[in-house]
Amino acid sequence: MTLSKPSAAKKPVKCYFSASEKSKIDQVAAAENKSISSYIRETVLYSRQKKGKTVYIDAVEAACRSYSGIPRIHMEAIVSAVIVSIHDSTQPAD
């Protein structure tokens, strides 16, 4: 893991995490060989997830480019099913 060095251009920000959240951040940062500061900074500032129709449209376009011969209407149904499945798998269990 690399350490970020404070610089005159960077200002400190204090954040509070639960023990389990901190543990998860430590694990992910270490797995990516980043300092905790770098991991949080990059995640917050540069890792914006696409939302809404953009996700669907981009996924359909990518699938259509990758697999020729499948009618677009069928590809749309497949992509939709995959997006729903991924979404459902990321939701907390009831």
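Shown above is the structure to which this text applies.
1. Comments concerning the overall build of the protein
Argument step 1. The number of helices and strands found in the protein is 4 helices and 0 strands.
Argument step 2. Each helix (α) and strand (β) of the protein, taken in turn from the N terminus, gives the series α-α-α-α.
Argument step 3. For the protein, the C-alpha radius of gyration of 19 Å lies well beyond 12 Å, the compact-globule estimate for 94 residues.
Argument step 4. Looking at the protein as a whole, 10% of its 94 residues qualify as buried.
Argument step 5. Partitioning the intrachain contacts of the protein with sequence separation of at least 6 by distance along the chain shows that 39% fall at a separation of at least 24.
Argument step 6. Of the roughly 8,000 Å² of accessible surface on the protein, 59% is carried by carbon and sulfur atoms.
Argument step 7. Distance between charge centres in the protein, computed from 14 positive and 9 negative side chains, equals 11 Å.

2. Looking at a nonpolar patch on the surface
Argument step 1. Among the surface-exposed residues, Tyr67, Ile70, Ile78, Val82 and Ile86 lie close enough to one another that they form a single nonpolar patch of about 470 Å² accessible area.
Argument step 2. Within the secondary structure layout, Ile70 lies in the loop between α3 (53-66) and α4 (72-89).
Argument step 3. Given the relative accessible area of 35%, Ile70 is considered partly exposed.

3. Comments concerning the packing of α3 against α4
Argument step 1. Running from N to C, α3 and α4 point in directions that differ by 125°, and their axes come no closer than 9 Å. Taken together, the axis directions place α3 and α4 in an arrangement best described as oblique. The element α3 and its partner α4 pack so that their crossing is right-handed. Taking contact as the criterion, the partners of Val55, Tyr56, Ala59, Val60, Glu61, Ala63 and Cys64 in α3 are, on α4, Arg72, Met75, Glu76, Val79, Ser80 and Ile83.

4. Comments concerning unusual backbone geometry
Excluding glycine, residues mostly carry a negative phi; peptide bonds, for their part, are mostly trans.
Argument step 1. With phi around 55°, Asn33 is a residue other than glycine that occupies positive phi space.
Argument step 2. When its relative accessible area of 47% is taken as the criterion, Asn33 is described as partly exposed.

5. Focus: the pattern of salt bridges
Oppositely charged side chains may form a pair once their charged atoms are brought near each other.
Argument step 1. With the rule as written, the count across this model stands at 5 salt bridges.
Argument step 2. As a salt-bridge pair, Lys34 and Glu32 come within 3.2 Å of each other at their nearest N and O atoms.
Argument step 3. Glu61 serves as the salt-bridge partner of Arg72, at 2.8 Å between the closest nitrogen and oxygen. Of the two residues, Arg72 sits in helix α4 while Glu61 sits in helix α3, which places them 11 residues apart along the sequence.

6. Remarks on the side chain of Ser35
Argument step 1. Within the secondary structure layout, Ser35 lies in the loop between α1 (19-31) and α2 (36-46).
Argument step 2. Its relative accessible area of 3% is what places Ser35 among the buried residues.

What counts and what doesn't
Residues numbered from 1 in each chain as written. Predicted model: local features only at pLDDT ≥ 70, side-chain atom pairs only at ≥ 80, totals over all residues. Heavy atoms only, no water. Helix = DSSP H or I, 4+ residues; strand = E, 2+ residues; numbered from the N terminus. Rg over C-alpha atoms; globule rule 2.2 N^0.38 Å. Buried < 20%, exposed > 50% of the residue type's maximum accessible area, 1.4 Å probe, protein only. Contact = heavy atoms within 4.5 Å. Areas by Shrake-Rupley, 256 points an atom, 1.4 Å probe, with all protein chains shown as cover. Lys, Arg positive; Asp, Glu negative; His and termini not counted. Charge placed at Lys NZ, Arg CZ, Asp CG, Glu CD. Patch = residues over 30% accessible without salt bridge, like charges linked within 9 Å, V, L, I, M, F, W, Y side chains within 5 Å. Salt bridge = Lys/Arg side-chain N within 4 Å of Asp/Glu carboxyl O. Axes fitted to C-alpha atoms, helices over the stretch in contact; angles between N-to-C directions. Parallel < 35°, antiparallel > 145°, perpendicular 65-115°, else oblique. Left-handed = near helix turned anticlockwise from the far one by under 90°.

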